[in-house]
Amino acid sequence: MILLSGNEAVARGAWEGGVILGTGYPGTPSSEILENLSGYSGLRAQWCPNEKVALEVGSGASWAGGRVLVTMKHVGLNVAADPLFTLAYTGIRGGLVIAVADDPGLQSSQNEQDSRHYGRAARLPVLEPSDSAEAKEMTLLGFRLSEQFKIPVILRLVTRISHSRTPVFLGRRSKPASCRIVRDPERQVMIPKYAAVRHRVLEEKLEELALYAETAPCNRVEPGRSGEKIITSGIAYQYCREAAPDAAYLKLGLVYPLPRKLLRKFARGKDKPFLVEELDPFLATEIRAMGIDIRSKRKEYGLGELNPDRVKNLLANRAEKVPPPSPLPGRPPVMCAGCPHRGVFWVLKKLKLFVTGDIGCYTLGTLPPLSALDTCLCMGAGVGQSEGYRRVLPPEEGRKVAAVIGDSTFLHSGVTGLIDIVYNGNGGVVIILDNRTTAMTGHQHHPATGQTLMEEAVFPVSLETVCRGVGVKRVKVISSYDLPALEDFLQDSLDRPEPSVLIARAPCVLLKGLKKKSPYRVEADKCVACGLCLKSGCPALSAGEDGKVSIDPVACTGCAVCAGICPVSAIIR
Ligand SMILES: Cc1ncc(C[n+]2csc(CCOP(=O)(O)OP(=O)(O)O)c2C)c(N)n1
């Protein structure tokens, strides 16, 4: 038995289950599943350009008979939703488990959507573990159910399951299935005639799964002493166990479809059971729709993460008090010292542009003192948004709009927005912030880095060639630290009728093996305490009581952005 995080346990479960392929796209809190899987022998793990591709690759491998694990964060499932819904109709051959990690409390996400809804919407079974041991067991169960019912299975995790370590018993690896081509158009070609039949088959499978749920060991009743009855699942089970240790529990592991008889039996008696779940009233709605009388949390507890204290309060039906502000000073996230994105935002701010943004480390450009990123909706959106703004704004306003997008995000879903700009004949500037990695989620490789998750050297996709290939004639690569050149190119691009792409390129300063340049320092007698350099938001800079700036030589990476900003040349190497 060893301690594993939930993510490590899912990877272990996949390996033990004889998985031969793992696919995914990084996203907190799910990223470590595939990273861990890549460390096991006898299988392949690979990052794909986005989650839709990951699921499509997974479906091909599964139809050939192999067991496949596909990983993503909750918003990734939105991207993969198109193949997901129809894959429910076609079904699978080799077991297909889709591990989706939700982020209640938005530790690192743009929303806190509840992925369980996808089970109901796409008509797929959803398993929800409560600790790492269950994460491993339910991964294995997911493969068994997937093959028994010939259906993809969603394994729904949340941050606290993915990232907490609890004990796990290890097992041996089952022999992977051998793969072959199977021609089966009635199952694998979803023309309307065949799809209509498959829809009926899917509904029948769900009924069978609901029957299975009645006696499934992952749905278990735990007797209690207090007379209180609680229905719960996932991480909420752990919080309930602390908040109400003597209650009787119906702990659901298969949260869709639900065991109607088991629920009815548990709810029988004079006291209604309390239903405790994190985020949306998913189970509450399903169970009430069965005509089963339950109590459930007040609305305010549906926002953010639960914890044992919140669960104590919600069980007592107490209104939630807004916690007092913390007496500690706020520590908002900042771009690292030397981050190549900083100088680009400095220039964008100087030019007073309206910046449609995207998701990555550069989203931090929205925070003071840079305050130079104006939108962030979802991955890839900033490029399309810039086109939308320019389409409807008067030309003198439209010329102020520029889009920024990271290299990983551009390949994930930004390139289609650029194609739209070219296709629909709109001008404007798209800036690709190319730091040669997927920095925000922990430096994962992507198709333009020249390396795979298995550390093979591969042909790197050329961003500039892609942009030219879709029809952008003005494509320029400029060092992210060359502020005058960035400014000149942008100035020259804003009024042109044709689109321009600026690739601002410099590797993330935290990339392994990158040589640090010697640090800069401030000549105190030259510094006029104007504070301009501080407006770059570099954490290596600070001002003394006299307003004069100094540079922390340990934090400074020698990027020289501040030296370029200083109006009196007081910052020198
Ligand atoms: C659909 C979706 N998948 C994954 C994520 C997690 N995620 C946020 S930004 C990002 C990529 C960041 O890389 P890049 O665009 O290169 O910018 P960088 O952080 O390197 O500046 C990822 C994977 C997400 N928010 N949405």
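Note that the coordinates shown come from a computational prediction; the quantities given were computed from them, not determined experimentally.

Visitor: I'd like a description of the overall build of the chain, backed by residues and values.
Guide: A tally of regular secondary structure across the chain gives 21 helices and 23 strands. In terms of its C-alpha atoms, the chain occupies a principal-axis envelope of roughly 80 × 60 × 50 Å. Each of the 573 residues in the chain was classed as buried or not, and the buried ones make up 50%. For the chain, the proportion of contacts with a sequence separation of at least 24, taken over those separated by at least 6, is 75%.

Visitor: Describe the domain arrangement of the chain, with residues and values.
Guide: Taken as a whole, the chain is organised into domain 1 (2-215), domain 2 (220-315), domain 3 (341-505) and domain 4 (521-572). A straight line from the C-alpha centre of domain 1 to that of domain 3 covers 33 Å. The leading source of residues in the side of domain 1 that touches domain 3 is strand E3 (residues 44-47), at four residues. A breakdown of the residues in the side of domain 1 that touches domain 3 according to their chemical character gives eight nonpolar, seven polar and one charged.

Visitor: Lay out the sheet that holds strand E14 (residues 295-296) with the relevant residues and their values.
Guide: Pairing between sheet strands relies on hydrogen bonds along the backbone, with the strands arranged either parallel or antiparallel. Across the sheet, five strands lie side by side as E9-E11-E10-E13-E14; this open sheet has mixed pairing. In this open sheet, the two strands that pair with only one neighbour each are strand E9 (220-222) and E14. By the bridge criterion, five bridges tie strand E10 (residues 229-233) to strand E11 (residues 248-252) in an arrangement that is parallel. Paired with Thr232 across the strands is Lys251, a residue of E11.

Visitor: Describe the packing of helix H1 (residues 6-16) against helix H7 (residues 132-149), listing the residues and the values that go with them.
Guide: Where H1 contacts H7, the two axes come as close as 8 Å, and the packing angle between them is 30 degrees. Comparing their axes, H7 and H1 come out roughly parallel. Note on packing geometry: the crossing formed by H1 with H7 is right-handed. Taking contact as the criterion, the partners of Gly6, Ala9, Val10, Arg12, Gly13, Ala14 and Glu16 in H1 are, on H7, Ser132, Ala135, Lys136, Thr139 and Leu140. Grouping the amino acids of the contact of H1 with H7 by side-chain chemistry returns five nonpolar, four polar and three charged.

Visitor: Tell me about the environment of Thr232, and please be specific about residues and values.
Guide: Its location among the elements puts Thr232 in strand E10. Residues Thr232 and Leu254, 22 residues apart in the sequence, show an inter-C-alpha distance of 11 Å. Residues within four places of Thr232 in sequence aside, it is in contact with Tyr237, Cys240, Tyr249, Lys251, Val276 and Glu277.

Visitor: Could you give an account of the site of the ligand, naming the residues involved and the relevant values?
Guide: Near the ligand you find 23 residues, and of these Gly360, Gly406, Ser408, Ala439 and Met440 are the closest. Where the shell around the ligand is concerned, the elements lending two or more residues are helix H4 (74-79) and helix H18 (407-423). Here the shell around the ligand spans two domains, since at least three of its residues come from each of domain 1 (2-215) and domain 3 (341-505).

Visitor: Explain the environment of Gln113 to me, and be specific about the residues and the numbers.
Guide: One can find Gln113 in the loop between strand E5 (96-102) and helix H6 (116-122). The partly exposed category is assigned to Gln113, around which 18 C-beta atoms lie within 10 Å.

Visitor: So what about unusual backbone geometry? Which residues, and what values?
Guide: Put simply, Thr28 and Pro29 share a cis peptide bond, and its omega is 10 degrees. Note on placement: Pro29 falls in the loop between strand E2 (21-24) and helix H2 (32-37). With an omega of 5 degrees, the peptide bond running from Pro368 to Pro369 counts as cis. Relative to the elements of secondary structure, Pro369 occurs in the loop between strand E15 (354-356) and helix H16 (381-392). You will see that Ser371, though not glycine, has its phi angle at about 40 degrees, which is positive. With respect to the secondary-structure elements, Ser371 resides in the loop between E15 and H16. For Ala529, which is not glycine, the phi torsion reads 55 degrees and is therefore positive.

Visitor: I'd like a description of helix H11 (residues 234-243), backed by residues and values.
Guide: Most of H11 sits inside the fold, with eight of its 10 residues counted as buried. Every buried residue of H11 is accounted for by Gly234, Ile235, Ala236, Tyr237, Gln238, Tyr239, Cys240 and Ala243.

Visitor: Can you lay out the sheet that holds strand E7 (residues 153-158) for me, pointing to particular residues and giving the numbers?
Guide: Read across the sheet, seven strands follow the order E3-E2-E4-E5-E7-E6-E12 without closing on themselves; strand pairing throughout is mixed. The open sheet has two edge strands, E3 and strand E12 (254-256), and neither has a second partner. With six bridges joining them, E5 and E7 adopt parallel strand pairing. Bridge pairing links Asp102 to Val158 in E7.

Visitor: Let's hear about H1: which residues, and what values?
Guide: Counted residue by residue, H1 has 10 buried out of 11 residues, so it is predominantly covered. Among the residues of H1, Gly6, Asn7, Glu8, Ala9, Val10, Ala11, Arg12, Gly13, Ala14 and Trp15 are the ones counted as buried. Positive phi shows up at Gly18, right after H1, with a value of about 80 degrees.

Visitor: Mind laying out the environment of Leu106, listing which residues take part and the relevant values?
Guide: Positionally, Leu106 belongs in the loop between E5 and H6. Among the residues examined, Leu106 registers 13 C-beta atoms within 10 Å and is labelled partly exposed. Once the C-alpha coordinates of Leu106 and Pro29 are considered, the two residues, 77 residues apart in sequence, prove to be 10 Å apart.

Visitor: Before we move on, could you go through the nonpolar core and cite the residues and values that matter?
Guide: One finds Leu37, Ile98, Ala99, Leu155 and Cys240 to be the most contacted residues of the largest nonpolar core, which totals 93 residues. Shared between two domains, this core takes at least three residues from each, and those domains are domain 1 (2-215) and domain 2 (220-315). Contacts of Leu37, omitting those with residues within four sequence positions, involve Ala11, Ala14, Trp15, Gly22, Leu43, Ala45 and Leu69. Core analysis: the next-biggest nonpolar cluster, separate from the first, contains 68 residues, Val344, Met379, Ile503 and Val549 among them.

Visitor: Which residues make up the pairing of strand E16 (residues 401-406), and what are the values?
Guide: Among the six residues in E16, six count as buried, and that is most of the element. Residues Val401, Ala403 and Ile405 point to one face of E16 and Ala402, Val404 and Gly406 to the other, with burial holding for every one of them. Sheet analysis places E15 next to E16, joined by three bridges and oriented parallel. Counted as the bridge partner of Val355 is Ala402 from E16. Note that E16 and strand E17 (residues 429-434) share five bridges and pair parallel. Within E17, the position partnered with Val404 by the bridge is Ile431. Crossover connection from E16 via H18 to parallel E17: handedness right-handed.

Parameters at a glance
Residues numbered from 1 in each chain as written. Predicted model: local features only at pLDDT ≥ 70, side-chain atom pairs only at ≥ 80, totals over all residues. Helix = DSSP H or I, 4+ residues; strand = E, 2+ residues; numbered from the N terminus. Buried ≥ 20, exposed ≤ 12 C-beta atoms within 10 Å, placed from the backbone. Contact = placed C-beta atoms within 7 Å. Domains from an automatic or database assignment. Nonpolar A, V, L, I, M, F, W, Y, C, P; charged D, E, K, R; others polar. Pairing = 2+ DSSP bridges. Axes fitted to C-alpha atoms, helices over the stretch in contact; angles between N-to-C directions. Parallel < 35°, antiparallel > 145°, perpendicular 65-115°, else oblique. Left-handed = near helix turned anticlockwise from the far one by under 90°. Near = placed C-beta within 6 Å. Core = buried A, V, L, I, M, F, W, Y, C linked by C-beta atoms within 7 Å. Right-handed = clockwise from strand over helix to strand, strands pointing away.

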